[in-house]
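The lines below spell out each chain.
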Amino acid sequence: MANVITDETIEYVGILAKLELSGEEKEAAKKDMGNMLNYIDMLNELDTDGVQPMSNVFPVKNVFREDVVTNGDDSENMLANAPEEKDGFYVVPKTVE
Amino acid sequence: MDIAKMTATELGRKIKAKEISVREAVEAVFDRIKSVEGEYNCYVTLCEEQALKKAEEVQKKIDDGTLTGPLAGVPVAIKDNMCTKGVLTTCSSKILGNFKPTFSSEAVLNLEKAGAIIIGKTNMDEFAMGSTTETSFFGPTKNPRNPEYVPGGSSGGSAAAVAADECYYALGSDTGGSIRQPSSYCGVVGMKPTYGTVSRYGLIAYGSSLDQIGPITKDVTDCATVLEAIASYDAKDSTSVKREPEDYKFTKALVEDVKGLKIGIPRTYFGEGIDEEVKEKVLAAAKVLESRGAIVEEFDLGLVDYAIPAYYIIASAEASSNLARFDGVKYGYRTEDYDGLHNMYKKSRSEGFGAEVKRRIMLGSFVLSSGYYDAYYIKALKTKALIKKEFDKAFEKYDIILGPAAPTTAPKLGESLSDPIKMYLGDIYTISVNLAGLPGICVPCGNDKNGLPIGVQLIGDCFSEKTLIRAAYTYEQSR
């Protein structure tokens, strides 16, 4: 069955993805996503009832470490990468009135 | 003596024997870079001054006997998604165009401990999303075997740099074939190790459950030597696997011996969509191994076609989460005009990411969204479990699975990006290896009628890199 991606879906996914798409990009995204989902739907041919979803191929557990600081204070170098910084802080647009 | 043409271990031996100085090794490769880089565009960043300075330090340590390993003094190129302290690390994206990490990735640190000298950061598909290196913000890399063609991707800059003698060896990363496919297209050796073998600490994440760093080299000996240097257990990577000490000695597998080795060839790999010349050359490689005593058989590997849809769900889902960190606050690009915090996020990301990255973030956000999570994401994880089971079954019978790395040789520049699904289908032989966490190596096995390289891929069970290296080495020596 062909997947039809509506304007509402693209708007919603854009919010989740924190992306602001232009009108042209939205049209392209509708088409691309529809095509991709049509292709992906091939998985429905597979019977996966009772199969455990596998996120890691090895049986991994949480890896804990002692709560000890091992890296020094590198804030100056880290802040040097920020688009805007002031007095040792990242500067962001005002968020509370 | 053309130094730049040497393999890494050849050069390392000559440096050790004092026939070549580290400085000469660095100068030779930069001479080569200056003459061809304008045409191939393998690098995003070059660090000549830094490399020459480092050459002096390393030379001293070689002279006083502190550094004795096979890679001491040998210059290396690093894919631009691995953090290098103080050196621009862009992921070939506008959004990280000015990012200088405050630390180096573990694989890079391991190489530095071995005496490697970083000469530059190689071009790639933006955030490793692509199969041609054409999605790079810094323009495409050209295939040195024929510059009208793509080098493959996403580690296209690394593979092309090795092929063009613009480095002695390089590091790449492989999420769905990004080391093996460009190695195939460029006619070099590339290996994706078992998941968890090389630390991902400092590798800018794309699909974390699939990403793995590995070597791209001029021959199999270099491949084993580099893997031995970069592989390590690392508590900073929660999926790092602690292997037996003997298991890390990959160079011990550099022996010519495949007697009795059982090699399976999946029939499904040679059906629809494969180029005749690729098929012929890959099967000829199997014949060579058979003539050296391996037992070669055809068999049916199931679920091959389902790997691609499962992969694009899982990789896109993980990408949408991993790339959420790029928000224009802590590092990277920030838009100039904005209205409030959320608008700043949205505009910075929309202007900073390229089309393919946005496409995958959108798809990933969709398959993880409420109402679709089970139908897509969980379904893909279940498919992954079934694919792993198919491989488990195959490895009960065979030591190695042999096939191509890509169904065709390199496509022409500009022909791939307009049809994403067609481009994704080209990943059919590499992608399932990432889903199942397996090791895979690609070794050159001939050229097509246009002179473009073809690679044969050997796939092993988890932790069987040594078997792959032994077979690849035997093949290389027999050609």
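To start, this report covers the structure provided alongside it. (Residues numbered from 1 in each chain as written. Chains lettered and ligands numbered in written order. Predicted model: local features only at pLDDT ≥ 70, side-chain atom pairs only at ≥ 80, totals over all residues. Heavy atoms only, no water.)

## A closer look at the overall build of chain A
Inclusion rule: Starting at the N terminus, helices and strands are each numbered in turn, a helix being any DSSP run of H or I of at least four residues and a strand any DSSP run of E of at least two. For the radius of gyration, the atom set is restricted to C-alpha positions; the globular benchmark scales as 2.2 Å times the number of residues to the power 0.38. Contacts are residue-level and defined by heavy atoms, with any inter-residue pair within 4.5 Å sufficient. Note on areas: Shrake-Rupley, 1.4 Å probe, and residue coverage restricted to the protein chains presented here.
Within chain A, the regular secondary structure consists of 3 helices and 2 strands. For chain A, the succession of helices and strands along the chain, N to C, is α-α-α-β-β. Taken against the 2.2 N^0.38 rule, which gives 13 Å for 97 residues, the C-alpha radius of gyration of chain A at 23 Å runs more than 25% over that of a compact globule. On the principal axes, the C-alpha backbone points of chain A span a range of 55 × 45 × 25 Å. Sequence-distant contacts, at least 24 apart, represent 40% of the contacts inside chain A between residues at least 6 apart. Of the roughly 7,300 Å² that chain A leaves accessible, carbon and sulfur atoms contribute 51%.

## Comments concerning empty space enclosed by the protein
Empty space among the atoms becomes apparent when a probe as large as a water molecule is rolled across them. Residues and elements named next belong to chain B. Heads up, the condition is: Detection works on a 1 Å grid of protein atoms alone, calling trapped sets that fit a 1.4 Å probe cavities and calling open sets with protein on both sides within 12 Å along at least five of seven lines pockets, with lining residues defined by an atom within 4 Å of a point. Grid points are joined across faces, edges and corners, and a volume is the space filled by probe spheres set on the points. Throughout this entry, Asp, Glu, Lys and Arg are counted as charged residues, while Ala, Val, Leu, Ile, Met, Phe, Trp, Tyr, Cys and Pro are counted as nonpolar. The remaining residues, Gly among them, count as polar.
If you walk through the whole model with that rule in mind, you get 3 cavities of 30 Å³ or more. In terms of lining residues, the largest cavity is bounded by 17 residues, among which G130, S131, G176, S178 and D427 are the most central. Taken together, the residues of the lining of the largest cavity break down into 5 nonpolar, 10 polar and 2 charged. Its volume calculated, the second largest cavity comes out at about 60 Å³. At 3 residues, helix α12 (residues 373-397) tops the list of elements feeding residues into the lining of the second largest cavity. Considering only residue class, the lining of the second largest cavity consists of 8 nonpolar, 2 polar and 1 charged.

## Considering the nonpolar core
Residue and element names in this part refer to chain B. Note the threshold: By nonpolar core we mean a set of buried residues, namely Ala, Val, Leu, Ile, Met, Phe, Trp, Tyr and Cys, connected to one another through side-chain atoms within 4.5 Å. Burial classification: accessible surface area is computed with a 1.4 Å probe over protein chains only, and a residue below 20% of its type maximum counts as buried, one above 50% as exposed, and the rest as partly exposed.
Counting residues in each nonpolar core, the largest one holds 179 residues, and the members touching the most others are L111, F127, Y168 and Y169. Of all the elements, α12 adds the most residues to this core, at 11 residues. Contact partners of L111, with chain neighbours within four places excluded, come to L71, V76, I78, A116, Y169, L171, A229 and I230. Core analysis: the second largest hydrophobic core is formed by 6 residues, Y149, V150, A406 and A410 among them.

## What about the layout of surface pockets?
In this structure, the largest pocket occupies an estimated 1,200 Å³ of space. Forming the walls of the largest pocket are 35 residues, and the residues nearest its centre are N71 of chain A together with F103, Y201, G202 and K236 of chain B. In the lining of the largest pocket, the residues fall into 19 nonpolar, 7 polar and 9 charged. Considered as a void within the structure, the second largest pocket measures approximately 750 Å³ in volume. Around the second largest pocket, the lining comprises 31 residues; the ones closest to its centre are G273, P407, K422, L425 and G426 of chain B. When residues of the lining of the second largest pocket are assigned to their parent elements, the largest contribution, 3 residues, is made by helix α13 (residues 420-425) of chain B. Looking at the lining of the second largest pocket, its residues break down into 14 nonpolar, 10 polar and 7 charged.

## Looking at the sheet that holds strand β4 (residues 170-174) of chain B
Residue and element names in this part refer to chain B. Worth spelling out the cut-off: Strands are treated as partners if at least two bridges between them are detected by DSSP. Lines fitted to C-alpha atoms define the axes, with helix axes restricted to the stretch in contact, and inter-axis angles between N-to-C directions lie between 0 and 180 degrees.
With mixed pairing, 11 strands are arranged side by side in an open sheet as β1-β3-β2-β4-β6-β5-β10-β11-β9-β7-β8. Of all strands in the sheet, those bounded by a partner on one side alone are β1 (43-46) and β8 (295-299). Each neighbouring strand pair of the sheet contributes to a mean axis angle of 30°, computed without reference to strand direction. Judged from the 2 bridges that link them, strand β5 (residues 189-192) and strand β6 (residues 212-217) form a sheet pairing that is antiparallel.

## Considering the interface of chain B and chain A
In plain terms, the rule: Two parts lose some accessible area (1.4 Å probe) when they are put together, and adding that loss for both gives the buried area. Whenever a carboxyl oxygen of Asp or Glu lies within 4 Å of a side-chain nitrogen of Lys or Arg, that contact is scored as a salt bridge. Counting of polar contacts relies on pairs of N or O atoms within 3.5 Å, with two restrictions inside protein: one atom must be capable of donating a hydrogen and the other of accepting it, and residues adjacent in sequence are counted only when both atoms are side-chain atoms.
With 65 residues of chain B at the interface, the matching set in chain A holds 50 residues. Regarding the contact of chain B and chain A, the summed buried area is about 5,000 Å², with carbon and sulfur atoms giving 71% of it. Summed over the shared surface of chain B and chain A, the result is 3 salt bridges. Note that R334 of chain B and E84 of chain A form a salt bridge whose closest N and O atoms lie 3.3 Å from each other. Here chain B is connected to chain A by 15 residue pairs in polar contact (both at pLDDT 80 or more). Residues belonging to the side of chain B that touches chain A are distributed by class as follows: 36 nonpolar, 16 polar and 13 charged.

## Topic: the pattern of salt bridges
Following the criterion strictly, the structure yields 34 salt bridges over all chains and no others. K18 of chain B is the salt-bridge partner of D63 of chain B, the closest N and O atoms lying 3.0 Å from each other. Of this pair, D63 of chain B sits in helix α3 (residues 48-63) while K18 of chain B sits in the loop between α1 (8-16) and α2 (22-40), and the two are 45 residues apart along the sequence. Through salt bridges that share partners, D32 of chain A together with E356, R359 and R360 of chain B make up one connected network.

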